[in-house]
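Each chain, written out:
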Amino acid sequence: MRQQRERQGWVRRIGAWLLGAAEAEPRSLAAGLGLDEEDPGLRRLRRAAPVRYARVERLHRAAQRSFEERTRAAVCRDLEHAVRTALRDTAEAEAAAEAEAATRATRTEGAGTGALAPRADVLRWEADAAARSLAADAVLAGARGLNTGLTVGVLFSPVFLVLALVAAEVVPPLFGSALGCPERLTLVQALVCFSGGALGSVFSVVIRLREAPGTRPADTRAPAETTGDTPGGEAREEVADEAADVPGDPVQLARLMRQEGWYRVVVGWFLAVSLFVLVTGGILALLTPPAVPDGACGTGPLSPADHRSLVQGFFFWGGVGFLAGLNERWAYGLLRRGGPGADPATR
């Protein structure tokens, strides 16, 4: 029983790493604090800093949809701690205002507009940190989803190759025919080109993502700074928060990027196979494949030169497939230059 629980725990952890943390029952900020929504302290804090409190609530809700469980727990914990600190500070500020009758009007006016004790800025500080953490979590979700899709595509390629070879041996006899040695050799070369297309597409995506904007936490937008606790500053902060603070659903983003990664591998397959068909059929004369050795399909053993020719042919088709998957623009430009009707001057 213990081993079964440990195994299930490993499965859940692997699933959370690949697919994101399991959905949890959403809870409000007040529930996280163990307070009622109409708690006097919360109402006092809403009156004192309405924009900041609304921002913390928004980030608290978004944190519960985080891709990683540790991000979810850490952001919610820090935001709840910040609110507790602000609650204590607003209570102290109100008590001090009531105790000093001489400056009561000034203190009351300041507390009503959000000019709290300096420590109450912890709401803004923790909200800024939470926004950065959620942005980094979204970037992580997208990257992990894309890597998962690419990995699945690459791992599926050998399976597809084996199935193609098995089909080549099983299907023709059903129609009263069989593949000869030249046909088998051509099929193997096509599958080598096919594999190169998958690897090229993965390599292309990895290289492009290294310098793509918005793929690193440092590239994400930072929350806008305010000029103070003035109503105008809070209004500007509110607009910036609505636009940049809360990213989209990271779990949904990871799912979309998994599909995108798989799609990229499929594009590499089709481009590689398309180039193989065009080159082998003589339509695309820009590339000339190595000649098949005369003894490749003979009954006797292959000479060292024949072995080198076969290996060279496999590397040639693997390289063609890799280049096709590496850059779609390269493949499309190659087809335009070498296809029928192309201008000889552009070849």
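Residues numbered from 1 in each chain as written. Predicted model: local features only at pLDDT ≥ 70, side-chain atom pairs only at ≥ 80, totals over all residues. Heavy atoms only, no water.

(A) The arrangement of the packing of helix H7 (residues 122-174) against helix H10 (residues 250-280) in detail. Where H7 contacts H10, the axes come no closer than 7 Å and their chain directions differ by 35°. Read as a crossing pair, H7 and H10 show a hand that is right-handed. Here the residues of the contact of H7 with H10 sort into 14 nonpolar, seven polar and four charged. (Axes fitted to C-alpha atoms, helices over the stretch in contact; angles between N-to-C directions. Helix = DSSP H or I, 4+ residues; strand = E, 2+ residues; numbered from the N terminus. Left-handed = near helix turned anticlockwise from the far one by under 90°. Nonpolar A, V, L, I, M, F, W, Y, C, P; charged D, E, K, R; others polar.)

(B) Region of the structure containing the packing of aromatic side chains. Inspection of the entire model under this criterion finds nine aromatic pairs. Aromatic pair Phe 160 and Phe 194: ring centres 4.9 Å apart, planes at 15°, arrangement stacked. With Phe 160 in helix H7 and Phe 194 in helix H8 (residues 181-211), the pair connects residues that are 34 residues apart, well separated along the chain. What makes Phe 194 buried here is its relative accessible area of 6%. (Phe/Tyr/Trp six-rings, centres within 6.5 Å; stacked < 30°, edge-to-face > 60°. Buried < 20%, exposed > 50% of the residue type's maximum accessible area, 1.4 Å probe, protein only.)

(C) Summary view of the pattern of salt bridges. Across all of its chains, the model carries nine salt bridges by this definition. In this structure, Arg 55 and Asp 128 form a salt bridge, with 2.7 Å as the shortest nitrogen-oxygen distance. Here Asp 128 lies in helix H7 and Arg 55 lies in helix H4 (residues 50-63), a separation of 73 residues in the sequence. With a relative accessible area of 8%, Asp 128 lands in the buried category. A salt bridge links Glu 68 to Arg 144; its shortest N-O distance comes to 3.6 Å. With Glu 68 in the loop between H4 and helix H5 (69-99) and Arg 144 in helix H7, this pair connects stretches of sequence that are 76 residues apart. For the pair shown, Glu 68 and Arg 144 are each scored as buried. Through salt bridges with shared partners, a single ionic network connects Glu 68, Arg 70 and Arg 144. (Salt bridge = Lys/Arg side-chain N within 4 Å of Asp/Glu carboxyl O.)

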